[in-house]
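Structural overview for review
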Amino acid sequence: MSRTSKLVLGLSVVLTVATVAGVHLKQRQDQQRLRDGVIRDIERQNRKKENIRLLGEQIILTEQLEAEREKTLAKDLKKRDLK
């Protein structure tokens, strides 16, 4: 084999190995990004459930507060009417 053909063959091998390695690295990055996306989605769903739960608690507390306020106002009106 001539020197030029050996050089071309060597260069072809190096480029092929570099391409294969690059593709594998890219696939690993893509897989990791997909896994991270799933984890972020699960965290987002958990935060949404927690926010909905907190909203429900706030609604209940608001209703209780309004009921207590109405009772207090009714008592105050009765006291005024008795005077």
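The numbering scheme is per chain: residues are counted from 1 as the chain's sequence reads. pLDDT decides what is reported in this predicted model: residues at 70 or higher carry local features, side-chain atom pairs at 80 or more are listed and counted, and totals for whole chains, interfaces and linings draw on all residues regardless. Side-chain figures throughout are based on the complete set of non-hydrogen atoms in the structure, without hydrogens or water.

In this section: the overall build of the chain. Under the scheme used here, helices are H or I runs from DSSP no shorter than 4 residues and strands are E runs no shorter than 2 residues, and both carry numbers assigned from the N terminus. In terms of regular secondary structure, the chain is built from 1 helix and 0 strands. Note that the radius of gyration is over C-alpha atoms, with the globule rule given as 2.2 Å times the number of residues to the power 0.38. Over its C-alpha trace the chain gives a radius of gyration of 36 Å, far above what one expects of a compact globule, namely 12 Å for 83 residues. Along the first, second and third principal axes, the C-alpha atoms of the chain reach 120 × 15 × 5 Å. Expressed as a percentage of the 83 residues in the chain, the buried residues total 1%. Accessible surface area values rest on a Shrake-Rupley calculation with a 1.4 Å probe, where residue burial reflects the displayed protein chains alone. When the accessible surface of the chain is totalled, it reaches about 8200 Å², and 61% of it is carbon and sulfur. Side-chain charges in the chain split into 19 positive and 12 negative, and the spacing between the mean points of these groups amounts to 11 Å. The buried label goes to any residue with under 20% of its type's maximum accessible area, the exposed label to any with over 50%, and the partly exposed label to all in between, with areas taken from a 1.4 Å probe on protein chains only. Positive charges are assigned to Lys and Arg, negative charges to Asp and Glu, while His and the chain termini are left out of the count. For this purpose, a charge sits on NZ of Lys, CZ of Arg, CG of Asp or CD of Glu.

Attention now goes to the pattern of salt bridges. In the sections that follow, a salt bridge refers to a side-chain nitrogen of Lys or Arg positioned within 4 Å of a carboxyl oxygen of Asp or Glu. Taken as a whole and assessed by the stated rule, the structure comprises 5 salt bridges. For the salt bridge of Asp30 with Arg33, the shortest nitrogen-to-oxygen distance reads 2.8 Å. Of this pair, Asp30 and Arg33 both sit in helix α1 (residues 3-82), 3 residues apart, which is roughly one turn of that helix. Glu57 is the partner of Arg53 in a salt bridge, and the nearest nitrogen-oxygen pair spans 2.3 Å. Of this pair, Arg53 and Glu57 both sit in helix α1, separated by 4 residues, roughly a single helical turn. When its relative accessible area of 40% is taken as the criterion, Arg53 is described as partly exposed.

Just distances and angles here, no functional claims.
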